[in-house]
Amino acid sequence: RQAASLLVVPMAIELGFSHLEKGWLLAAPSVGAILTQLVGGQICSLLGARSTVLLSVIGMAACCALLPAACTHSTLLGAAVLCINGVFYGPMFPTNSVLLSRWCVPSERGWASSQGELAISLASLSAPLVITALEPRLGWRACFRAVGCMAVSFAALWRALAASTPEQCWFIRDDELELLTGSPTSPSTHTALHRRAENNGQPLAKASPLSVRRVLLHPAVLALFLVHGVYNLGTLTINSWMPTYYNEALGLAPTVAKLHLIIPHLTSLVTKLLVPYLAAALGAHGVSMLSSRQLMCAAGFIGTSCALLLLPMLLGALPAATTACFCVALSFTGLHAEGFRANYLDVTRAHVGLVSSVGNAISSLAAMAAPLIVSNLVTHYGSWQPVWLAVSASSLVATIAFAQLATVTPVEETVATPKKRE
């Protein structure tokens, strides 16, 4: 996705793509992802987490190899290949959530979620370096093929080292396996101790099994879905359109704006490195896990919105001022690793894959809509200001919803199952 957001600029110049055509290309992966995210948990259960990721990565690599010819033929065919790419990408997030729930005790899940965010920042940081170095020499077609080759290399590494569960890992130590699956400090015990602490030291009632419908319609789960969708709307608007913004609003082509495109992702990486320590400091000062999650979410949305709202005021200034705003905006998105993203692992125990699948599918609707909303707003108003206003307004709504409805207690423990009538 990072490669596509960068390479769509030279593609548009060579092939004559309009704003709307670029929007459809950038939205296409999300369209495809929706088709498989809803059943991502079921795919993971059927194939196993290891095989699901392996299949996804190989499929995406094949799409990267086919994309140059498809785009050259027509925008529609290029969008179709990107849509198929999204189909392969779809199960990745729910599978990732399942893996984290199996491989991490509750106290480490926020940290583990942050490492996933770090991987995104590393990709966002390295893409401009690699793409802007290769594209002038080899062309945008060879860049897509290079990304495909890197995906194949990762697939080989994943096949050699990954395991769906701790029991299936060939190099895990006995003490690590015992911790994760059956010792007195196993995940279930960690969870019980944490929930009791959150309940002012009182033991919680025994969890009752809930129907899938009641889990998905629980207010805390719905708030989580909303926040994830708004996060995708804002973050993908920045990541997908930042090269185009520099090119059109500031007159800097991606090859010229290379450092300006890299530095915001570098600052985001630094934030994601520090955010687990920030969360730990909050806990050490007596801030509950729920308050910490809510604080991280609120600060992330508010900080990003303030930075984006400043952008229209800086159009006449040096490009460095715009870059500073993007640095602040992306840095604050890093706080969400200890906010709503970690909350996916708190809000349910029995339906982690399902909730992650549905949440990511709903957020993909926002990811699909983001490029289309941006292209239409810029085309209609001839300005980027409505884009930043739309992102900020939706962020405010999400902040309020998460503050009012979020929970770190599994919904199975907070909702009593109605007794059957005799």
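Further up the page is the structure itself.
Computed from a prediction, not measured in an experiment: that's the story for all the values here.

(A) How the structure looks around the overall build of the chain. A count of helices and strands for the chain gives 19 helices and zero strands. Residue burial in the chain is summarised as follows: out of 422 residues, 54% are buried. Looking at the chain alone, contacts between residues at least 24 apart form 83% of all its contacts between residues at least 6 apart. In the chain, 23 positive and 17 negative side-chain charges are present, and the distance between their average locations comes to 5 Å.

(B) Local environment of the packing of aromatic side chains. Counted according to the given criterion, the structure contains eleven aromatic pairs. Here the aromatic rings of tyrosine 245 and tryptophan 384 are separated by 5.1 Å at their centres, their planes lie at 90°, and the arrangement is edge-to-face. Here tryptophan 384 lies in the loop between α17 (352–381) and α18 (385–405) and tyrosine 245 lies in helix α12 (residues 219–249), a separation of 139 residues in the sequence. Across this residue pair, the class does not change: tyrosine 245 and tryptophan 384 are buried. An aromatic cluster of three or more residues is present, and its members are Trp241, Tyr245, Tyr246, Phe326, Trp384 and Trp388.

(C) Representation of the nonpolar core in the model. Of all hydrophobic cores here, the largest spans 45 residues; its most connected members are Leu7, Met11, Tyr246, Leu308, Phe326, Trp384 and Trp388. Ranked by the residues each element gives to this core, the list is headed by helix α1 (residues 2–15), at six residues. When sequence neighbours within four positions are dropped, the list of residues in contact with tryptophan 388 reads Thr237, Tyr245, Leu308, Leu309, Leu311, Pro312 and Phe326. In terms of nonpolar packing, the next biggest core, distinct from the first, is built from 22 residues, Leu216, Phe225, Phe340 and Ala398 among them.

(D) Broad picture of the state of the cysteines. Within this structure, the stated rule accounts for zero disulfides. Just so you know, cysteine 104 is unpaired, no disulfide at all, and the nearest cysteine sulfur is the one on cysteine 169, 13 Å from it. Its relative accessible area of 9% is what places cysteine 104 among the buried residues. The thiol of cysteine 297 is unpaired, and the distance to the nearest cysteine sulfur, on cysteine 306, comes to 15 Å. Given a relative accessible area of 1%, cysteine 297 falls into the buried group.

(E) Structural detail: a nonpolar patch on the surface. Where nonpolar side chains cluster on the molecular surface, the patch consists of Phe154, Leu157, Leu161, Trp170 and Phe171 and spans about 560 Å² of accessible area. Of the residues examined, tryptophan 170 reaches a relative accessible area of 63% and is grouped as exposed.

(F) Structural context of the side chain of threonine 237. Counting through the fold element by element, threonine 237 comes out in helix α12. The class of threonine 237 is buried, set by a relative accessible area of 2%. Within polar-contact distance, the side chain of threonine 237 engages the backbone oxygen of leucine 233 at 2.5 Å. Excluding residues within four positions of it along the chain, threonine 237 makes contact with Asn232, Met242, Ala370, Val374, Val387, Trp388 and Val391.

(G) Structural context of the packing of α1 against helix α2 (residues 19–37). Where α1 contacts α2, the two axes come as close as 11 Å, and the packing angle between them is 150°. As far as their axial angle goes, α2 and α1 are roughly antiparallel. Handedness of the α1/α2 crossing: right-handed. The segment α1 lies against α2, with Ala4, Ser5, Val8, Met11 and Ala12 engaging Lys22, Leu25 and Leu26.

(H) Geometry of the pattern of salt bridges. Going through the model one piece at a time under the given rule, you end up with six salt bridges. The shortest N-O distance in the salt bridge between arginine 173 and glutamate 176 comes to 3.3 Å. Between aspartate 346 and arginine 293 there is a salt bridge; the shortest N-O distance is 2.8 Å. Of this pair, aspartate 346 sits in the loop between α16 (340–343) and α17 while arginine 293 sits in helix α14 (residues 289–310), and the two are 53 residues apart along the sequence. The two residues aspartate 346 and arginine 293 agree in class, both being buried. Within this structure, Arg173, Asp175 and Glu176 form a network of salt bridges that share partners.

(I) Structural view of helix α15 (residues 319–333). With 15 residues, α15 extends 22 Å between its outermost C-alpha atoms, agreeing within 8% with the 21 Å of an ideal straight helix rising 1.5 Å per residue. In the core, the buried residues of α15 are packed alongside α12, α13 (258–284), α14 and α18.

(J) Local environment of α14. In a regular helix each residue adds 1.5 Å, so 22 residues correspond to 32 Å; α14 covers 32 Å between its end C-alpha atoms and thus fits that length. Taken together, the buried positions of α14 are occupied by Ser292, Arg293, Gln294, Met296, Cys297, Gly300, Phe301, Gly303, Thr304, Ser305, Ala307 and Leu308. In this structure, the buried side of α14 is in contact with α12, α13, α15, α16 and α18.

(K) Main features of the environment of leucine 318. As for its placement among the helices and strands, leucine 318 is situated in the loop between α14 and α15. Between the C-alpha atoms of leucine 318 and leucine 250, which are 68 residues apart in sequence, the distance is 9.1 Å.

(L) Representation of the packing of α12 against α13 within the structure. The geometry of α12 relative to α13 is characterised by a closest axis approach of 10 Å and an angle of 150° between their N-to-C directions. With respect to α13, the element α12 is oriented roughly antiparallel. The hand of the α12/α13 crossing is right-handed. Note on element contacts: α13 touches α12 through His260, Leu261, Pro264 and His265, opposite Asn239, Met242, Pro243 and Tyr246. Residue composition of the contact of α12 with α13, grouped by class: five nonpolar, three polar and no charged.

Quick notes on the rules
Residues numbered from 1 in each chain as written. Predicted model: local features only at pLDDT ≥ 70, side-chain atom pairs only at ≥ 80, totals over all residues. Heavy atoms only, no water. Helix = DSSP H or I, 4+ residues; strand = E, 2+ residues; numbered from the N terminus. Buried < 20%, exposed > 50% of the residue type's maximum accessible area, 1.4 Å probe, protein only. Contact = heavy atoms within 4.5 Å. Lys, Arg positive; Asp, Glu negative; His and termini not counted. Charge placed at Lys NZ, Arg CZ, Asp CG, Glu CD. Phe/Tyr/Trp six-rings, centres within 6.5 Å; stacked < 30°, edge-to-face > 60°. Core = buried A, V, L, I, M, F, W, Y, C linked by side-chain atoms within 4.5 Å. Disulfide = S-S within 2.5 Å. Patch = residues over 30% accessible without salt bridge, like charges linked within 9 Å, V, L, I, M, F, W, Y side chains within 5 Å. Areas by Shrake-Rupley, 256 points an atom, 1.4 Å probe, with all protein chains shown as cover. Salt bridge = Lys/Arg side-chain N within 4 Å of Asp/Glu carboxyl O. Polar contact = N/O pair within 3.5 Å; in protein donor to acceptor, adjacent residues only side chain to side chain. Axes fitted to C-alpha atoms, helices over the stretch in contact; angles between N-to-C directions. Parallel < 35°, antiparallel > 145°, perpendicular 65-115°, else oblique. Left-handed = near helix turned anticlockwise from the far one by under 90°. Expected span 1.5 Å × (residues − 1). Nonpolar A, V, L, I, M, F, W, Y, C, P; charged D, E, K, R; others polar.

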